[in-house]
Amino acid sequence: MKKRDLIFAAAVLLVFILLFMLIRNGEDGTYITVSVDGEVIGSYALTEKEQTVAIGDNNVLTIINKEAFMSHAVCPDQICVKKGKISKYGEDIVCMPNRVIVKVEGGDDNAK
């Protein structure tokens, strides 16, 4: 293969990956995963019932009406609280000072 062929193949692959991500990101998620320090500590269904999840001593996540949001955080900038509600596949909330990541996932096989 010529260098030009490899570049073309890589470009086509990149376009397909981007299209897949765009299509997938518009879908409603069915559960969220919560990670602290890169380790998943729990998965929770995005159901219509209200759930409150304490994440350590510093963060509180609320799930209601198939949406999740950080309702409380002990950190100076409050970016995770200001992020608002998430419900679509691929969306996330990140609290850097407390090393927390909340991510919307698809499928309900891992949810509690």
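As the structure is a computational prediction, the values presented were derived from the model and not from experiment.

Each value, and the rule that gives it
Residues numbered from 1 in each chain as written. Predicted model: local features only at pLDDT ≥ 70, side-chain atom pairs only at ≥ 80, totals over all residues. Heavy atoms only, no water. Patch = residues over 30% accessible without salt bridge, like charges linked within 9 Å, V, L, I, M, F, W, Y side chains within 5 Å. Areas by Shrake-Rupley, 256 points an atom, 1.4 Å probe, with all protein chains shown as cover. Salt bridge = Lys/Arg side-chain N within 4 Å of Asp/Glu carboxyl O. Helix = DSSP H or I, 4+ residues; strand = E, 2+ residues; numbered from the N terminus. Buried < 20%, exposed > 50% of the residue type's maximum accessible area, 1.4 Å probe, protein only. Contact = heavy atoms within 4.5 Å. Pairing = 2+ DSSP bridges. Axes fitted to C-alpha atoms, helices over the stretch in contact; angles between N-to-C directions. Core = buried A, V, L, I, M, F, W, Y, C linked by side-chain atoms within 4.5 Å.

Together, F8, V12, V15, F16 and L19 line one region of the surface with nonpolar side chains, adding up to about 500 Å² of accessible area. With respect to the secondary-structure elements, V12 resides in helix α1 (residues 3-25).

Take the pattern of salt bridges next. Under the counting rule described, the total for this entry stands at three salt bridges. Between D28 and K88 there is a salt bridge, with its nearest N and O atoms 2.6 Å apart. On the criterion of sequence distance, the pair formed by D28 in the loop between α1 and β1 (31-36) and K88 in the loop between α2 (79-82) and β6 (92-95) is long-range, its members being 60 residues apart. You can call D28 exposed: its relative accessible area is 52%. Overall, K88 belongs to the partly exposed group, its relative accessible area being 30%. Between E67 and K85 there is a salt bridge, with its nearest N and O atoms 3.9 Å apart. Linking E67 in strand β5 (residues 67-73) with K85 in the loop between α2 and β6, this pair joins segments that are 18 residues apart in sequence. Owing to a relative accessible area of 51%, K85 belongs among the exposed residues under this scheme.

This part takes up the environment of E50. As for its position among the elements, E50 is in the loop between β2 (39-45) and β3 (51-55). Each C-alpha atom of the pair E50 and A68 lies 9.7 Å from the other, and the pair is 18 residues apart in sequence. Discounting residues that sit within four places of it in the chain, E50 has contacts with T62, I63 and I64.

This brings us to the sheet that holds strand β7 (residues 100-105). Pairing is antiparallel in the open sheet, where four strands are placed in the order β2-β1-β7-β6. Taken across any chain shown, the strands that pair with only one partner, and hence form the sheet edges, are β2 and β6. Between one strand axis and the next, the sheet turns by 15° as a mean value, whatever way the strands run. Where β6 meets β7, four bridges bridge the pair, whose relative direction is antiparallel.

A word on the sheet that holds β3. If you trace the three strands from one edge of the open sheet to the other, you get β3-β4-β5, paired in antiparallel fashion. Only two strands of the sheet have a single neighbouring strand rather than two, namely β3 and β5. Across the sheet, the mean angle from the axis of one strand to that of its neighbour is 25°, orientation sign disregarded. For strand β4 (residues 59-64) and β5, the ladder comprises six bridges, and the chain directions are antiparallel. Along β5, the bridge assignment pairs I64 with E67.

Nonpolar side chains tend toward joint burial in soluble globular proteins. Among the nonpolar cores identified, the biggest contains 19 residues, and I32, I55, L61, M70 and V102 are the most heavily contacted of them. Elements represented by at least two residues in this core include exactly β1, β3, β4, β5, β6 and β7. If sequence neighbours within four positions are ignored, V102 has contacts with I32, T33, V34, I55, L61, M70, I86, E91, D92 and I93.

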